[in-house]
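An overview of the molecular structure
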Amino acid sequence: MLVGATGDDTPAAALARRLRDEGLEVVYVGGRATVDAVAHAALAEDVAEVLLVAAPDEVAQVADRTRELGLDDLVVTCTPAPEQPQA
């Protein structure tokens, strides 16, 4: 499983750590990852699933880009990015 974030990496890092603690094999790409970076990492690492902390439109973009790269069976899911406090 590939875990990353398109914004702040704190929630994604915690998620990756928790999944590893549960025994899953996790590839962590960090935060502020671009759509292309996530898609190419999924291709390079030959993962079955991508889990992003991102906005839904960014998740859709990653899904589209991975399909363009030939990863038709890849599952791309998300956990919503936490709301940013307003100043």
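In this report, we go over the structure that sits alongside the text. (Residues numbered from 1 in each chain as written. Predicted model: local features only at pLDDT ≥ 70, side-chain atom pairs only at ≥ 80, totals over all residues. Heavy atoms only, no water.)

**Let's talk about the pattern of salt bridges**
Keep this limit in mind: Put simply, a salt bridge is a Lys or Arg side-chain nitrogen that is within 4 Å of an Asp or Glu carboxyl oxygen. Secondary structure is summarised from DSSP: a helix means a run of H or I of at least four residues, a strand means a run of E of at least two, and numbering begins at the N terminus for each. Per-residue accessibility, obtained with a 1.4 Å probe over protein chains only, is compared with the maximum for each type, and a residue is labelled buried under 20%, exposed over 50%, and partly exposed between these values.
Across all of its chains, the model carries three salt bridges by this definition. One salt bridge in this structure joins arginine 65 and aspartate 36, with 2.7 Å as the shortest N-O distance. Remark: aspartate 36 occurs in helix H2 (residues 35-45) and arginine 65 occurs in helix H3 (residues 56-68); sequence separation between them is 29 residues. Between aspartate 64 and arginine 67 there is a salt bridge; the shortest N-O distance is 2.5 Å. Of this pair, aspartate 64 and arginine 67 both sit in helix H3, three residues apart, roughly one helical turn. On the basis of relative accessible area, aspartate 64 is assigned to the partly exposed category, the value being 39%. With relative accessibility at 44%, the residue arginine 67 sits in the partly exposed group. Overlapping salt bridges bring together Asp36, Arg65 and Glu68 as one network.

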